[in-house]
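Structural characterization, general
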Amino acid sequence: PAPAVDAPAIAANLASIRAHIASATPPGAAHPTLIAVSKFQPAEAVRAAHEAGQRDFGENYVQELMGKAVELGDLEGVRWHFIGALQSNKAKGLVGKVPGLFAVHTVGRAKEADALDAGVAGAGRVGGGELGG
């Protein structure tokens, strides 16, 4: 069995990181978006971070992102970020099967961009806002 998720520790770590970001952000500057990378973390850890106010989560494997997005589909306001190396053959599934997909941060070739564009069009999406279904 997987070890239990320590929700209080997750909340405390997020609070510490947010405080550090706030202290490092110059007055009047836009605050950066904290993307919690949930790679290799169980869905319960993502849920605990969400309960602590975290809304942006990053994954670098398409299959893991698709699974977590579906399993955690009941969470309000989650914005998923794909941060891994994207294979063009997985772009359509990423766009069509990840509710709350907000951004793909790693597009290295025109072939991948074209596949994402085709996936967005196939899902009936038109630029801006969330990418996923």
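Provided above is the structure to which this section pertains.
Described below are features of the structure shown in this document. Every value quoted in this text rests on a predicted model; they were computed, and no experiment measured them.

1. Looking at helix H3 (residues 62–71)
Within H3 the residues assigned to the buried category are Val62, Leu65, Met66, Lys68 and Ala69. Residues of H3 that are buried make contact with helix H2 (43–51), strand S2 (56–59), strand S3 (79–82), helix H4 (88–97) and strand S4 (101–104).

2. Some points on the packing of aromatic side chains
Within this structure, the stated rule accounts for two aromatic pairs. Centroid distance Phe40 to Tyr61: 6.2 Å. Interplanar angle 45°. Geometry classified as tilted. With Phe40 in the loop between strand S1 (36–37) and H2 and Tyr61 in the loop between S2 and H3, this residue pair connects regions lying 21 residues apart in the sequence. Take Tyr61: its relative accessible area is 40%, and that puts it in the partly exposed class. Seen in terms of ring centroids, Phe57 and Trp80 are 5.8 Å apart; in terms of plane orientation they differ by 45°. Their pairing is tilted. Of the two residues, Phe57 sits in strand S2 while Trp80 sits in strand S3, which places them 23 residues apart along the sequence.

3. Things to note about the packing of helix H1 (residues 7–24) against H2
Relative to each other, H1 and H2 sit at 55°, their axes nearing to 9 Å. Between H1 and H2, the angle falls in the class oblique. The handedness of the crossing between H1 and H2 comes out as right-handed. Across the interface between the two elements, Ala7, Ile10 and Leu14 from H1 touch Ala45, Ala48 and Ala49 from H2.

4. Observations regarding the environment of Ala12
Inspection of the secondary structure assignment puts Ala12 in helix H1. Remark: the alpha-carbon pair of Ala12 and Ala49, spanning 37 residues in sequence, is separated by 9.8 Å.

5. Focus on the layout of surface pockets
For the largest pocket, the calculated volume is near 230 Å³. Taken together, 15 residues make up the lining of the largest pocket; nearest its centre are Ile10, Leu14, Ala36, Val37 and Ala49. Contributions of two or more residues to the lining of the largest pocket are made by H1, S1 and H2. Residues belonging to the lining of the largest pocket are distributed by class as follows: 12 nonpolar, three polar and no charged.

6. Some details on the side chain of Glu112
Within the secondary structure layout, Glu112 lies in helix H5 (residues 110–122). Each residue touching Glu112, except ones within four places of it in the same chain, is listed here: Leu86, Ser88, Thr106 and Val107.

Thresholds applied
Residues numbered from 1 in each chain as written. Predicted model: local features only at pLDDT ≥ 70, side-chain atom pairs only at ≥ 80, totals over all residues. Heavy atoms only, no water. Buried < 20%, exposed > 50% of the residue type's maximum accessible area, 1.4 Å probe, protein only. Helix = DSSP H or I, 4+ residues; strand = E, 2+ residues; numbered from the N terminus. Contact = heavy atoms within 4.5 Å. Phe/Tyr/Trp six-rings, centres within 6.5 Å; stacked < 30°, edge-to-face > 60°. Axes fitted to C-alpha atoms, helices over the stretch in contact; angles between N-to-C directions. Parallel < 35°, antiparallel > 145°, perpendicular 65-115°, else oblique. Left-handed = near helix turned anticlockwise from the far one by under 90°. 1 Å grid on protein atoms, 1.4 Å probe; cavity = no way out; pocket = protein on both sides within 12 Å on 5 of 7 lines; lining within 4 Å. Points joined across faces, edges and corners; volume = space filled by probe spheres on them. Nonpolar A, V, L, I, M, F, W, Y, C, P; charged D, E, K, R; others polar.

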